[in-house]
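Working through the structure, step by step
Okay, here's what each chain looks like letter by letter:
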Amino acid sequence: GQSDRQVGMDLSSDIDRVILERKSLHVDQKQGVGLRKIVESDNLDFTSQLIVPLVANGDALGSIILLNFDEEKEITAEDVKLTRFCEEFISRQFE
């Protein structure tokens, strides 16, 4: 898929900022809020995104990023819950 080309590239400063702030971010293009680039040379054509920082013992380790490429679909509340559950599960592995 489109995201395969992004493997091994440095995260954008926008994503770094979200991770360091340790706050989840859910952005939809329809809201008129700018989407965050995943990597600096990002040319992915997604319509919404969910970024959930991975935090263990107070340390920001990375993030789980969910991207939506389908204009007719949205990231649902269930998607948000599942992504946060995944973050909690993965973070516990580092404690």
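The structure displayed is predicted, hence computed values, not measured ones.

On to the environment of Ile-51, then. Structurally, the position occupied by Ile-51 is in strand E2 (residues 48-56). For Ile-51, a relative accessible area of 0% corresponds to the buried category. Put simply, Ile-51 and Ile-19 are 32 residues apart on the chain and 8.4 Å apart in space, counted from C-alpha to C-alpha. Not counting the four nearest positions on each side in its chain, Ile-51 is found in contact with Ile-15, Val-18, Lys-23, Ser-24, Leu-25, Arg-36, Ser-63, Ile-64 and Ile-65.

Our next topic: the sheet that holds strand E3 (residues 59-68). Spatial ordering of the open sheet is given by E1-E2-E3, a layout of three strands whose pairing is antiparallel. Two strands close off the open sheet at either side, each with one partner strand: strand E1 (25-28) and E3. Strand-to-strand twist in this sheet, taken as the mean axis angle between neighbours without regard to direction, amounts to 15 degrees. The pairing of E1 with E2 spans four bridges and is antiparallel. Bridge assignment links Leu-25 to a residue of E2, and that residue is Ile-51.

This part is about unusual backbone geometry. Of note in the backbone geometry, Arg-22 takes a positive phi value of approximately 60 degrees without being a glycine. Structurally, Arg-22 is set in the loop between helix H1 (13-21) and E1. Judged by its relative accessible area of 40%, Arg-22 is partly exposed.

Definitions and cut-offs
Residues numbered from 1 in each chain as written. Predicted model: local features only at pLDDT ≥ 70, side-chain atom pairs only at ≥ 80, totals over all residues. Heavy atoms only, no water. Helix = DSSP H or I, 4+ residues; strand = E, 2+ residues; numbered from the N terminus. Buried < 20%, exposed > 50% of the residue type's maximum accessible area, 1.4 Å probe, protein only. Contact = heavy atoms within 4.5 Å. Pairing = 2+ DSSP bridges. Axes fitted to C-alpha atoms, helices over the stretch in contact; angles between N-to-C directions.

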